[in-house]
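Each chain, written out:
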Amino acid sequence: SRILSVSKNTFRKTEPLSGQDNRGKMSDDTFEMDTSSIMPLRGSEKAIDVRWQRLPTGSRGEQYLAAILTTERLYIVRDVFEPIARFDFHTLDRSVLPFVVPTMSWLGPAVIIMFGQYLYAITLDGRSDFIAGMSYGENACVLSGVLPDRILYVRPSGNKEFPATVVCRPIGFVSVLV
């Protein structure tokens, strides 16, 4: 079974058994896995991106959320790996662009995903909203950056000398942020 780990502390070094002599040989370090910070992956699922977002400091001190993007789904989890929201890509129509790899970026309390030619916002309560469509024929776009009033993305230009174009497009995300 395949797993994805998003914690730098997933594997902890264990102490060698007493009485073992490790002088003069390469390290025989052994490690144990902390299973509270791993996520099982489905058969052919692959991890694409993990992005962390710091929450505003409150009475509980610093807290972080992670958006974990795989080829099949998006998970939003707390820093203790507690799932908050999930969005499965099989709910989207892949007939137009069946082999598109999604791209994402945090925007405040939401994750913005560009999937082919379409822009979605996934909120912390698991709601997904269609935001906009980018119409460039059968060419997929790649999300580069998100600001509250616009997005930056890369799309094919059709020019052999400069095959890609960076586009800045105004988009209102007020409904997502409220």
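Bear in mind that the values here come from a model prediction, so they are computed numbers and not experimental data.

*Asks:* Whenever I open this one, the confidence of the model for the chain confuses me. Can you help?
*Replies:* Parts of the prediction with low pLDDT should not have their coordinates interpreted in detail. Of all residues in the chain, 67% have pLDDT values of 70 or greater, and the mean over the chain is 76. Put simply, strand β2 (residues 11–14) is where the chain has its lowest mean pLDDT, 57, and strand β9 (residues 103–107) is where it has its highest, 90.

*Asks:* What should I look at first to understand the sheet that holds strand β13 (residues 142–147) in this one?
*Replies:* The strands making up a sheet associate through hydrogen bonds between their backbones, and the pairing can be parallel or antiparallel. Within the open sheet, the three strands sit side by side as β13-β14-β15. Their pairing is antiparallel. Pairing within the sheet leaves two strands with one partner each, and these edge strands are β13 and β15 (164–170). Between one strand axis and the next, the sheet turns through 20 degrees on average, direction left out of account. Summarising the sheet, strand β14 (residues 150–156) and β15 pair through seven bridges and their orientation is antiparallel. The residue of β15 that forms the bridge with Ile151 is Arg169.

*Asks:* Would you mind showing me how to read the environment of Val77 here?
*Replies:* One can find Val77 in strand β7 (residues 73–78). Beyond its immediate chain neighbours, meaning those up to four positions away, Val77 contacts Tyr64, Leu65, Ala66, Ile68, Glu82, Pro83 and Ile84.

*Asks:* Where do I start with the side chain of Thr70 in this structure?
*Replies:* In this fold, Thr70 is placed in strand β6 (residues 64–70). Look at Thr70 and you get buried, because its relative accessible area is 0%. Polar side-chain contacts of Thr70 include one of 2.5 Å to the side chain of Glu45. Each residue touching Thr70, except ones within four places of it in the same chain, is listed here: Met39, Leu41, Glu45, Lys46, Ala47, Ile48, Phe89 and Pro102.

*Asks:* Would you take a moment to explain the sheet that holds β6 for this structure?
*Replies:* Strands sit in the order β5-β6-β7-β8 across an open sheet of four strands; the sheet is antiparallel. The strands lining the two open edges of the sheet, one partner per strand, are β5 (47–54) and β8 (83–88). Direction aside, the axes of adjacent strands within the sheet are offset by 15 degrees on average. In the sheet, β6 pairs with β7 via five bridges, with the strands oriented antiparallel. Bridge pairing in β7 links Ala66 to Val77.

*Asks:* Could you clarify how one ought to interpret the environment of Ala85 in this entry?
*Replies:* One can find Ala85 in strand β8. Accessibility expressed as a relative area gives 7% for Ala85, which makes it buried. Note: C-alpha distance between Ala85 and Ala67 (18 residues apart in sequence) is 9.4 Å. Setting aside chain neighbours within four positions, we find Ala85 in contact with Leu74, Tyr75, Ile76, Thr123, Leu124, Asp125 and Gly126.

Calculation criteria
Sequence positions are assigned chain by chain, starting from 1 and proceeding in written order. Where local features are concerned, this predicted model is filtered to residues with pLDDT of at least 70; where side-chain atom pairs are given and counted, the filter is 80 or more; whole-chain, interface and lining totals use all residues. Working from all heavy atoms in the structure, the side-chain values ignore hydrogens and water. The predictor's confidence in any single residue is recorded as pLDDT, a number from 0 to 100. Strands are runs of DSSP state E lasting at least 2 residues, helices are runs of H or I lasting at least 4, and numbering of each runs from the N terminus. DSSP bridges decide pairing: two strands pair if at least two such bridges lie between them. Only the stretch in contact is used when fitting a helix axis, every axis being a line fitted to C-alpha atoms; angles between N-to-C directions are given from 0 to 180 degrees. A contact between two residues is defined here by any heavy atoms of the two lying within 4.5 Å. For each residue, the accessible area found with a 1.4 Å probe, counting protein chains only, is set against the maximum for its type, and the residue is called buried under 20%, exposed over 50%, and partly exposed in between. What qualifies as a polar contact is a pair of N or O atoms within 3.5 Å, subject to a donor-acceptor requirement within protein and to the restriction that residues adjacent in sequence count only when both atoms come from side chains.

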